[in-house]
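As a plain string of letters, each chain reads:
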Amino acid sequence: MPTEPGPALVIGASGFLGSHVVAALAARGDDVRVMLRKTSSTKGIDGLDVQRCYGDVFDADALRAAMTGCSVIYYCVVDARMWLRDPAPLFATNVEGLRQVLEVATEPEIAAGLRRFVFTSTIGTLAVSDTRPVTEDDPHNWTEGGPYIESRVAAENLLLDYCRDRGLPGVAMCVSTTYGPRDFAPTPHGAQIAMVAAGRMPAYPDFGLEVVGIEDAAAAMLAAAERGRPGHRYIVSDRYMSMREIQNAVADAAGVRRPWLKIPRPVLRAGARLNDVAAA
């Protein structure tokens, strides 16, 4: 292993979490590389002092060029289009794209200097329980998540396989729903927040979710590079909030009327079923 640490590489640096990881690394003065497609928006990282490399996760030569000499790789590539009628792209990017990246990362010339591979997973890979809080050690135990969750579980399992069988110094970060500034794309939940802030969402759905601030999630990724144990996964979440609490906080901050119409869960389920029929 080199005596001096090499650059940190962020793959998927144009995304919401990836751009915040880049910003956090740059803010503390790290040597940072990013890997982007030439078509990617760079709005989230413009103005930051980083070295840009171009290519995608299926291009082994581009990956090799970007990874060479790096001591930490942050992998922030996620296809989150859970609404796709054909789930093949989800598995292509989330699983097969990751496989290509891991193959290059475990090549001897790359692996020799690699200290940590920090992988963006999701709390959707965690177990569920009605009797106790789950931990990172509880295996995934439910099947109602559809192809998106299936692809994310397969990706996390693939990473852990490479840790066990190929010596990859990888950690899996099970990140909950992220909220915060500079959601330029935006994410689906960020678009919903924008509608609330604009006073264009009078209703709130009757459910809740685990949430984390995007800057806290980025800080967790950096902490994992320093202190994460290879082959382990970590839950990245702040708290559980109902959608009513989230939307009220946004409305109050924006100075608009709070959403007032509750959409009960049975109505949400019925709407989801009708949407499935319409989409087909």
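Keep in mind it's a predicted model, so treat the numbers as computed, not measured. (Residues numbered from 1 in each chain as written. Predicted model: local features only at pLDDT ≥ 70, side-chain atom pairs only at ≥ 80, totals over all residues. Heavy atoms only, no water.)

### Details of the pattern of salt bridges
Test applied: Definition used for salt bridges: Asp or Glu carboxyl oxygen within 4 Å of a side-chain nitrogen of Lys or Arg. The helix count covers DSSP runs of H or I at least four residues long, the strand count covers runs of E at least two residues long, and both are numbered beginning at the N terminus. Relative accessibility decides the category of a residue: with a 1.4 Å probe and only protein chains considered, values under 20% of the type maximum give buried, values over 50% give exposed, and everything between is partly exposed.
Scanning the entire structure with this criterion turns up 16 salt bridges. Linking arginine 233 and glutamate 156 is a salt bridge whose minimum nitrogen-to-oxygen distance equals 2.8 Å. Of this pair, arginine 233 sits in strand β10 (residues 232-236) while glutamate 156 sits in helix α5 (residues 146-166); the two residues are 77 residues apart in sequence, bridging distant segments of the chain. Just as arginine 233 is buried, glutamate 156 falls in that class too.

### Concerning the nonpolar core
The test is simple: In plain words, nonpolar cores are sets of buried Ala, Val, Leu, Ile, Met, Phe, Trp, Tyr and Cys residues tied together by side-chain atoms within 4.5 Å.
In terms of nonpolar packing, the biggest core is built from 31 residues, with Ile11, Met67, Tyr75, Phe117, Leu159 and Leu168 touching the most fellow members. Grouped together as the second largest cluster of nonpolar side chains are 30 residues, Ile45, Val72, Val171 and Ala225 included.

### A look at the sheet that holds strand β1 (residues 8-11)
Rule in force here: Two strands qualify as a pair provided that DSSP identifies no fewer than 2 bridges between them. Working convention: axes come from line fits to C-alpha atoms, limited for helices to the stretch in contact. Angles between N-to-C directions cover 0 to 180 degrees. Contacts are assigned to residue pairs that have any heavy atoms within 4.5 Å of one another.
What the 7 strands build is an open sheet, ordered β3-β2-β1-β4-β5-β6-β10; its pairing is parallel. The two strands at the open ends of the sheet, each matched to only one other strand, are β3 (51-54) and β10. On average, each strand axis in the sheet is inclined to that of its neighbour by 20°, with strand direction left out of account. Both strand β4 (residues 72-75) and strand β5 (residues 116-122) contribute to a ladder of 4 bridges, which runs parallel. Within the sheet, the bridge partner assigned to tyrosine 75 lies in β5 and is phenylalanine 119. Contacting β1, β4 and β5, helix α3 (residues 88-105) crosses the sheet at an angle of about 175° to β5.

### A look at the environment of leucine 48
One can find leucine 48 in the loop between β2 (32-36) and β3. It is 6.9 Å that separates the C-alpha atoms of leucine 48 and alanine 26, two residues lying 22 residues apart in sequence. Setting aside chain neighbours within four positions, we find leucine 48 in contact with Val22, Ala23 and Ala26.

### Things to note about the side chain of serine 71
The following threshold applies: Side-chain atoms alone can form a polar contact between residues adjacent in sequence; in general such a contact is a pair of N or O atoms within 3.5 Å, and within protein one must be able to donate a hydrogen while the other accepts it.
Within the secondary structure, serine 71 is located in the loop between α2 (60-67) and β4. Residue serine 71 is classed as buried on the basis of its relative accessible area of 6%. Polar contacts involving the side chain of serine 71 include one to the main-chain carbonyl oxygen of glycine 6, which spans 3.0 Å. Not counting chain neighbours up to four residues away, the residues in contact with serine 71 comprise Pro5, Gly6, Pro7, Gly113, Leu114, Arg115 and Arg116.

### Description of empty space enclosed by the protein
Any empty space left between atoms is shown by rolling a water-sized probe over those atoms. What counts here: Grid spacing is 1 Å over the protein atoms alone, the probe is 1.4 Å, and a cavity is where that probe fits but cannot get out, while a pocket is an open set with protein on both sides within 12 Å along at least five of seven lines and lining residues have an atom within 4 Å of a point. Grid points are joined across faces, edges and corners, and a volume is the space filled by probe spheres set on the points. All amino acids are sorted into three groups, where Ala, Val, Leu, Ile, Met, Phe, Trp, Tyr, Cys and Pro are nonpolar, Asp, Glu, Lys and Arg are charged, and the leftover types, Gly among them, are polar.
Across all of its chains, the model carries 1 cavity of 30 Å³ or more by this definition. Considering only enclosed or pocket space, the largest cavity measures out at about 30 Å³ in volume. In this structure, the largest cavity is lined by Tyr75, Val77, Val78, Asn94, Phe119, Thr120, Arg152 and Ala155. Within the residue set of the lining of the largest cavity, elements represented by two or more residues are β5 and α5. Here the lining of the largest cavity is composed, by residue class, of 5 nonpolar, 2 polar and 1 charged.

### Some words on the packing of aromatic side chains
Threshold: Two rings from Phe, Tyr or Trp (for Trp, the six-membered ring) form a pair when their centres are within 6.5 Å of each other. A pair whose planes differ by under 30 degrees is stacked, one over 60 is edge-to-face, and the rest are tilted.
Scanning all chains against the criterion turns up 2 aromatic pairs. Where tyrosine 75 meets phenylalanine 117, the ring centres are 6.0 Å apart and the plane angle is 25°; that geometry is what we call stacked. Remark: phenylalanine 117 occurs in strand β5 and tyrosine 75 occurs in strand β4; sequence separation between them is 42 residues. Looking at phenylalanine 117, the relative accessible area reads 0%, which means it is buried. Centre to centre, the rings of tyrosine 75 and phenylalanine 119 are 6.0 Å apart; their planes meet at 20°, and the pair counts as stacked. With tyrosine 75 in strand β4 and phenylalanine 119 in strand β5, this pair connects stretches of sequence that are 44 residues apart. You can call tyrosine 75 buried: its relative accessible area is 1%.

### Observations regarding the pairing of β5
Rules: The handedness rule is simple: strands pointing away from the viewer, and a clockwise path from the first strand over the helix to the second, make the crossover right-handed.
Within β5, 7 of the 7 residues are buried, leaving the element largely enclosed by the surrounding structure. Alternating residues of β5 divide into Arg116, Val118, Thr120 and Thr122 and Phe117, Phe119 and Ser121, and every residue in both groups is buried. In this sheet, strand β6 (residues 170-175) lies alongside β5 in parallel orientation, the contact comprising 6 bridges. Its bridge partner lying in β6, threonine 122 is registered against valine 175. For the crossover from β5 across α5 to β6, the handedness is right-handed.

### Comments concerning the layout of surface pockets
In this model, the second largest pocket occupies a volume close to 190 Å³. What lines the second largest pocket is Tyr179, Ile193, Val211, Val212, Gly213, Asp238, Arg239, Met241, Ile246, Ala249 and Val250. Elements with a minimum of two residues in the lining of the second largest pocket: β9 (208-213), β11 (239-242) and α8 (243-254).

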